[in-house]
Amino acid sequence: EVHLVESGGGSVQAGGSLTLSCTGSGFTQYNVNGCMGWFRQAPGKRREGVATLDRDDDKYYARFTEGRFTISRDAGNTLVLQMDNLRPEDTARYYCVAADRFYCQRWFLEDDGSYFAHWGQGTQVTVEP
């Protein structure tokens, strides 16, 4: 019932920026203003948590994002990931995720994403060297 749709992916040069957005439908009270986030996966590599945002506006970031990525909610409860100073190793498919919970915890990023019940189809990010 919950559907997540990502947009904003594309190809950029190293050092460039992209803004990813996620819109949802079929949300319950746990999803609207609840725990949501972004994961990514490149072929042959494990899934990586990128960032999460929850009801209290607590934000958790993977170490590799520090100082470069910002997660937020825009008007209409759109989830946004602003990515600056992109590097080739950021190349991956990026997925919007939502948990049926109000709150996130840091360890959710260290899991493979199984805590999150809802996943979008992903949007491809390619960073050229």
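None of these values were measured; they are calculated from a predicted model. (Residues numbered from 1 in each chain as written. Predicted model: local features only at pLDDT ≥ 70, side-chain atom pairs only at ≥ 80, totals over all residues. Heavy atoms only, no water.)

This part is about the state of the cysteines. Inspection of the entire model under this criterion finds 2 disulfides. There is a disulfide in this structure between Cys35 and Cys104, and the S-S distance comes to 2.0 Å. Handedness of the Cys35-Cys104 disulfide follows from its S-S torsion of about 115°: it is right-handed. Of the two residues, Cys35 is situated in the loop between strand E3 (18-25) and strand E4 (36-41) and Cys104 in the loop between strand E9 (92-98) and strand E10 (118-119); the sequence distance between them amounts to 69 residues. Cysteines bonded in the protein chain are numbered consecutively along the chain; their disulfide partners then correspond to 1-3, 2-4. (Disulfide = S-S within 2.5 Å. Helix = DSSP H or I, 4+ residues; strand = E, 2+ residues; numbered from the N terminus.)

Membership of the largest hydrophobic core comes to 25 residues, with the highest contact counts inside it found for Trp38, Ile71, Leu79, Leu81, Met83 and Tyr94. Counting only elements with at least two residues in this core, the list comes to E3, E4, strand E5 (48-53), strand E7 (69-73), strand E8 (79-83), E9 and strand E11 (123-128). The greatest single-element share of this core, amounting to 4 residues, is contributed by E9. Those residues within four positions of Leu81 in sequence are excluded, and the remaining contacts are Leu18, Thr19, Leu20, Trp38, Val50, Ala51, Phe69, Thr70, Ile71 and Tyr94. Phe39, Tyr60, Val97 and Phe108 belong to the second-largest nonpolar core, a separate cluster that totals 9 residues. (Core = buried A, V, L, I, M, F, W, Y, C linked by side-chain atoms within 4.5 Å. Buried < 20%, exposed > 50% of the residue type's maximum accessible area, 1.4 Å probe, protein only. Contact = heavy atoms within 4.5 Å.)

Mapped onto the elements, Asp90 comes out in the loop between E8 and E9. For Asp90, the side chain forms a polar contact with the side chain of Arg40, separated by 2.9 Å. Residues within four places of Asp90 in sequence aside, it is in contact with Arg40, Phe64, Arg68, Phe69, Val125 and Val127. (Polar contact = N/O pair within 3.5 Å; in protein donor to acceptor, adjacent residues only side chain to side chain.)

Glancing now at the pairing of E8. The element E8 is largely enclosed, with a buried count of 4 among its 5 residues. Relative to E8, E3 is paired through 5 bridges, and the arrangement is antiparallel. Looking at E8, one finds that Leu20 is bridged to Leu81. With 5 bridges connecting them, E7 and E8 associate as antiparallel partners. From the neighbouring strand, Ser72 faces E8, where its bridge partner is Val80. The turn linking E7 back onto E8 is made up of 5 residues, and Gly76 within it adopts a positive phi angle of 80°. (Pairing = 2+ DSSP bridges.)

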